[in-house]
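Residues per chain are reported as follows:
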Amino acid sequence: MTGLVIKNTGSWYLVRSEEGKDIECKLKGNFRLKEIKSTNPISVGDKVSFLANEDGTGLITEIFDRKNYIIRRSSNLSKHSHIIGANLDLCFLIVTVTKPITSTVFIDRFLASAEAYRVPVNLLFNKVDLYDEDETEYMNALIDLYSYIGYPCHKISALNNIGLDELKSNLKDKITLFSGHSGVGKSTLINALVPESKLKTGAISDYHGKGMHTTTFSEMMELAQGGFIIDTPGIKGFGTVDMVPEEIGHYFPEIFKFSHDCRFNNCIHINEPGCAVREAVENHYISESRYKSYLNILEDETNGKYRK
């Protein structure tokens, strides 16, 4: 039998069969023997084969090839990675400019990983009703930056139903992953889009200005108009995985564009002579924040930031 993994609690998986029946499944033991470094060898969105047990549960025996996925380095096991979602048509990264702050480094790490694994991303700037004049100006500057690069950006307020009708049309008949820091309003947004989901929402810590986790596992929810949303736990940081230093610039579209004019084909845009990328940064064709994020990821891969 074959099916779609719609929920992952870490200890078992809920698989929706081709007949539309949801079956609790375990993973066949020999998966642990393979060269799988991910903390979760199976992810929500995976298509799998499974055997039905007499008690109504199932045993997953095979994972079909993925067309793409979002992956990050695990925070606790630095040599391991964690797949957030697989076989995605779209990803919404939810961004807030305060309470909590979503840094450009976090945004750029997420976008670079999505580029590496061929996942289209939209940026959702949430809580627009709460920002003062300076915060709104900063948000608009970010929107100008990322829109110019080619990432669609949306201003929304999940709490006040601002901008949600446009999102609903984008979600139709797609598998869309929602991600972002804890506290950015992901659960509130999903509740507005899928009222029957009734996800728990959490308060923001006044002391740290950061969100507190409300989602503890990944789950796929069906949309009335067709399509699915994948809700994921909030993430604090985004470690990149197995990026070759000479290729990191490929995952920054504007850096990749200017790199064609570098003197050397293997230029990594730090101090090489004839570097067109550094010249573009100096002339403000590439934003300084994006270049700093590029260097930040490059440091991960070249300085042994993570244990091997």
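Worth saying up front: this structure is predicted, and the values here are computed from it rather than measured.

### So, the packing of helix 1 (residues 104-116) against helix 2 (residues 133-149)
And then number 1: The contact between helix 1 and helix 2 brings their axes to 13 Å, and the two run at 25°. With respect to their mutual orientation, helix 1 and helix 2 come out roughly parallel. Crossing of helix 1 over helix 2 shows right-handed handedness. Touching Thr-104, Ile-107, Asp-108 and Leu-111 of helix 1 are Tyr-138, Leu-142 and Tyr-146, all from helix 2.

### Here we look at the nonpolar core
And then number 1: Grouped together as the largest cluster of nonpolar side chains are 37 residues, with contacts concentrated most on Ile-70, Leu-93, Val-121, Leu-123, Phe-125, Tyr-146 and Met-220.
And then number 2: Of all elements in the fold, only strand 1 (2-8), strand 8 (90-95), helix 1, strand 9 (121-125), helix 2, strand 11 (175-179) and strand 13 (228-231) reach the threshold of two or more residues within this core.
And then number 3: With 6 residues, the single largest contributor to this core is helix 2.
And then number 4: Lining this core are residues from two domains, each supplying at least three of them: domain 1 (2-63) and domain 2 (69-231).
And then number 5: Of all hydrophobic cores here, the second largest spans 25 residues; its members include Ile-71, Val-277, Val-281 and Ile-297.

### Describing the pairing of strand 1
And then number 1: Most of strand 1 sits out of view: 6 of its 7 residues are buried.
And then number 2: Across 3 bridges, strand 1 lies against strand 4 (residues 47-52) in antiparallel orientation. Bridging from a neighbouring strand, Leu-4 pairs with Lys-47 of strand 4.
And then number 3: Note: strand 1 against strand 2 (residues 13-17), 5 bridges, orientation antiparallel. Each residue of the ladder has a partner; that of Val-5, found in strand 2, is Val-15.

### Observations regarding the pattern of salt bridges
And then number 1: Taken as a whole and assessed by the stated rule, the structure comprises 9 salt bridges.
And then number 2: Arg-16 is paired through a salt bridge with Glu-222; the nearest N and O atoms lie 3.2 Å apart. In this pair, Arg-16 sits in strand 2 while Glu-222 sits in strand 12 (residues 218-222), placing the two residues 206 residues apart along the sequence.
And then number 3: Residue Lys-292 pairs with Glu-288 through a salt bridge whose shortest N-O separation is 3.5 Å. Of this pair, Lys-292 and Glu-288 both sit in helix 7 (residues 288-302), 4 residues apart, roughly one helical turn.
And then number 4: Overlapping salt bridges bring together Arg-16, Asp-22 and Glu-222 as one network.

### Digging into the UniProt feature "binding site: Zn(2+)" (unreviewed entry) in the protein chain
And then number 1: Residues given the UniProt feature "binding site: Zn(2+)" (unreviewed entry) here are Cys-262, Cys-267, His-269 and Cys-275.
And then number 2: Checked against the element boundaries, Cys-262 lands in the loop between helix 5 (253-259) and helix 6 (276-282).
And then number 3: Classification of Cys-262 by relative accessible area gives buried; the value is 9%.
And then number 4: With residues near it in sequence (within four places) discarded, Cys-262 still touches Cys-267, His-269, Gly-274, Cys-275, Ala-276 and Val-277.
And then number 5: Along the chain, Cys-267 falls in the loop between helix 5 and helix 6.
And then number 6: The class for Cys-267 is buried, based on a relative accessible area of 5%.
And then number 7: If we skip the residues at most four places from it in the chain, Cys-267 touches Cys-262, Glu-272 and Cys-275.

### Concerning the pairing of strand 5 (residues 58-63)
And then number 1: As paired elements, strand 3 (residues 22-27) and strand 5 share 3 bridges and run parallel to each other. Among the inter-strand pairings, Leu-27 is bridged to a residue of strand 5, identified as Ile-60.
And then number 2: Where strand 4 meets strand 5, 5 bridges bridge the pair, whose relative direction is antiparallel. Residue pairing across strands places Leu-51 opposite Leu-59, the latter belonging to strand 5.

### Observations regarding the environment of Ile-107
And then number 1: Along the chain, Ile-107 falls in helix 1.
And then number 2: You can call Ile-107 buried: its relative accessible area is 0%.
And then number 3: Ignoring sequence-local partners within four residues, the contact set of Ile-107 consists of Leu-93, Val-95, Thr-102, Leu-123 and Tyr-146.

Scoring rules and cut-offs
- Residue indices follow the written sequence of each chain, beginning from 1 at its first position.
- A pLDDT threshold of at least 70 governs which residues receive local features in this predicted model, and a stricter bar of 80 or more applies before side-chain atom pairs are shown or counted, although totals over entire chains, interfaces and linings include all residues.
- Hydrogen atoms and water are omitted, and side-chain values are computed over all heavy atoms in the structure.
- Interaxial angle, 0 to 180 degrees, is taken between N-to-C directions of lines fitted to C-alpha atoms, where a helix line uses only the stretch in contact.
- Only DSSP runs of H or I with at least four residues qualify as helices, and only runs of E with at least two residues qualify as strands; both kinds are numbered from the N terminus onward.
- If an angle is under 35 degrees, it is roughly parallel; if it is over 145, roughly antiparallel; if it lies from 65 to 115, roughly perpendicular; otherwise it is oblique.
- Each helix crossing is assigned a hand: it is left-handed if the near helix lies turned anticlockwise from the far helix by less than a right angle, otherwise right-handed if that turn is clockwise.
- The criterion used for residue contact is that any of the two residues' heavy atoms lie within 4.5 Å.
- Note on terminology: a nonpolar core comprises buried Ala, Val, Leu, Ile, Met, Phe, Trp, Tyr and Cys residues joined through side-chain atoms within 4.5 Å.
- Throughout this description, buried means an accessible area under 20% of the type-specific maximum (1.4 Å probe, protein chains only), exposed means over 50%, and partly exposed covers the range between.
- What fixes the domain bounds is an automatic or database domain assignment.
- Strands are labelled as partners when DSSP assigns at least two bridges between them.
- Salt bridges are defined by distance alone: a side-chain nitrogen of Lys or Arg within 4 Å of a carboxyl oxygen of Asp or Glu.
- UniProt positions are given in the numbering used here, feature names are shortened, and annotations may be inferred rather than shown by experiment.

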